[in-house]
Amino acid sequence: MEKQAELYSGKAKSVYNTDDEKYLILHFRNDTSAFDGKKREKLDRKGMVNNKFNAFIMEKLQAAGVPVHFERLLNDNESLVKRLDMLPLECVVRNIAAGSICRRYGIEEGKDLTPATFEFFLKDDALGDPMVNEYHIRSFHWASDEQVSKMKELTFKVNEVLKKLFLDGGMLLVDYKLEFGMSGDELILGDEFSPDGCRIWDAETREKFDKDRFRQGLGNVVESYERVGERLGISFASIG
Ligand code: TMP
Ligand code: ASP
């Protein structure tokens, strides 16, 4: 597969065309951003760690029957993925209250959410990714009713698979964000799953291992991502 021109550059990843129009290359950079790009830093090794973390999780999800765009790792910082037409929505499931839901509803961080709750956000940095409901999605034609119901079904399925995976490693999956796209008529999980887009706490001490370490200036950001990976059995050895 030959890498061609850059198609798009986001806050933490760049996307390249390939010589096959059905596939793209995702390049995970060391750039780290929070608060819709207001806080930015380059963190050594982060691109490599997230690339391998994402590959491991995507393979687990695929094995559990979730359709994913991930095809294979190409090198330390790049993966081959299917080209999708992305829907402009972010799907968030929360098992424990943290982040924006605490600020929005005056809830204490750490409260168990039973059953887990689901939120849609509009992917739009300039607007600060506002939360939207299903009526907004319908009226503004951001997704069809069928796509909405499939996104919810798959996002909750991911929760069942990953809650157990993290718990087996002594960790709690607090919340996470997924993005979906279309390949023909099929709705497929796109983007990435890494500690940049979820919250993971130690099950005993509730120590934070995810991007909140960056958002809150707690330090040891990439080291914490690697610790999570090691507990899941991910190898970060160089593959070139
Ligand atoms: P929040 O508490 O800021 O709403 O975020 C909930 C989860 O979703 C958290 O794990 C971070 C992730 N997330 C992103 O990665 N990017 C986003 O743009 C949003 C809104 C959430
Ligand atoms: N990923 C978003 C950003 O880079 C939101 C966040 O993580 O705070 O700004």
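Residues numbered from 1 in each chain as written. Chains lettered and ligands numbered in written order. Predicted model: local features only at pLDDT ≥ 70, side-chain atom pairs only at ≥ 80, totals over all residues. Heavy atoms only, no water.

Visitor: Describe the pairing of strand 6 (residues 70–75), and please don't skip the residues or the numbers.
Guide: One ladder, built from four bridges, connects strand 6 with strand 7 (residues 78–82); its direction is antiparallel. If you follow Leu73 over to strand 7, its bridge partner there is Ser79. Where strand 6 folds back onto strand 7 in an antiparallel hairpin, the turn is made up of two residues. (Pairing = 2+ DSSP bridges. Helix = DSSP H or I, 4+ residues; strand = E, 2+ residues; numbered from the N terminus.)

Visitor: Go over the layout of surface pockets with me, naming the residues and quoting the values.
Guide: Roughly 180 Å³ of internal volume is contained in the second largest pocket. If you list the elements that add at least two residues to the lining of the second largest pocket, you get strand 9 (89–96), strand 10 (112–122), helix 4 (145–168) and strand 12 (171–178). Tallying contributions element by element places helix 4 first for the lining of the second largest pocket, with five residues. A breakdown of the residues in the lining of the second largest pocket according to their chemical character gives seven nonpolar, two polar and four charged. (1 Å grid on protein atoms, 1.4 Å probe; cavity = no way out; pocket = protein on both sides within 12 Å on 5 of 7 lines; lining within 4 Å. Points joined across faces, edges and corners; volume = space filled by probe spheres on them. Nonpolar A, V, L, I, M, F, W, Y, C, P; charged D, E, K, R; others polar.)

Visitor: Help me get a handle on the sheet that holds strand 12, residues and values and all.
Guide: In space, the five strands of this open sheet follow the order 11-10-9-12-15, with antiparallel pairing throughout. Of all strands in the sheet, those bounded by a partner on one side alone are strand 11 (131–132) and strand 15 (198–202). Judged from the four bridges that link them, strand 9 and strand 12 form a sheet pairing that is antiparallel. From the neighbouring strand, Val92 faces strand 12, where its bridge partner is Lys177.

Visitor: So what's going on with the pairing of strand 5 (residues 39–42)? Residues and values would help.
Guide: Relative to strand 5, strand 4 (residues 31–34) is paired through four bridges, and the arrangement is antiparallel. For Ser33, the partnering residue across the bridge sits in strand 5 and is Arg40. Linkage of strand 4 to strand 5, two consecutive antiparallel strands, is achieved through a turn of four residues, within which Phe35 is found at a positive phi near 55°.

Visitor: Which residues make up the site of ligand 2, and what values do they have?
Guide: If you check the shell around ligand 2, you find Lys11, Ser33, Ala34, Phe35, Asp36, Gly37, Lys211 and Arg215 and nothing else. Out of a free accessible area of 260 Å², ligand 2 has 76% covered by protein chains. For the shell around ligand 2, the class distribution of residues is two nonpolar, two polar and four charged. (Near = heavy atom within 4 Å. Areas by Shrake-Rupley, 256 points an atom, 1.4 Å probe, with all protein chains shown as cover.)

Visitor: Account for the packing of aromatic side chains, with residues named and values stated.
Guide: Scanning the model with the defined rule gives five aromatic pairs in all. Ring centres of Phe118 and Phe156 lie 5.8 Å apart, and the angle between their planes is 40°; this geometry places the pair in the tilted category. Residue Phe118 is located in strand 10, and its partner Phe156 is located in helix 4; the two are separated by 38 residues in the primary sequence. By relative accessible area, which is 18% here, Phe118 ends up buried. (Phe/Tyr/Trp six-rings, centres within 6.5 Å; stacked < 30°, edge-to-face > 60°. Buried < 20%, exposed > 50% of the residue type's maximum accessible area, 1.4 Å probe, protein only.)

Visitor: I'd like a rundown of the pattern of salt bridges, residues and numbers included.
Guide: The tally for this structure, following the rule as stated, stands at 29 salt bridges. Note that Arg104 is salt-bridged to Glu119, the shortest N-O span being 3.0 Å. Here Glu119 lies in strand 10 and Arg104 lies in helix 2 (residues 100–105), a separation of 15 residues in the sequence. On the basis of relative accessible area, Glu119 is assigned to the buried category, the value being 5%. (Salt bridge = Lys/Arg side-chain N within 4 Å of Asp/Glu carboxyl O.)

Visitor: How would you summarise the packing of helix 1 (residues 46–63) against helix 6 (residues 221–232) if you had to cite specific residues and measurements?
Guide: Relative orientation of the contacting elements helix 1 and helix 6 amounts to 30°, with a least axis distance of 10 Å. Classed by the angle they form, the pair helix 1 and helix 6 counts as roughly parallel. Crossing of helix 1 over helix 6 shows left-handed handedness. Seen from helix 1, the contacting residues are Lys46, Val49, Asn50, Phe53, Phe56 and Ile57; seen from helix 6, they are Val222, Tyr225, Glu226, Val228, Gly229 and Leu232. Per-class residue counts for the contact of helix 1 with helix 6 are eight nonpolar, two polar and two charged. (Axes fitted to C-alpha atoms, helices over the stretch in contact; angles between N-to-C directions. Parallel < 35°, antiparallel > 145°, perpendicular 65-115°, else oblique. Left-handed = near helix turned anticlockwise from the far one by under 90°. Contact = heavy atoms within 4.5 Å.)

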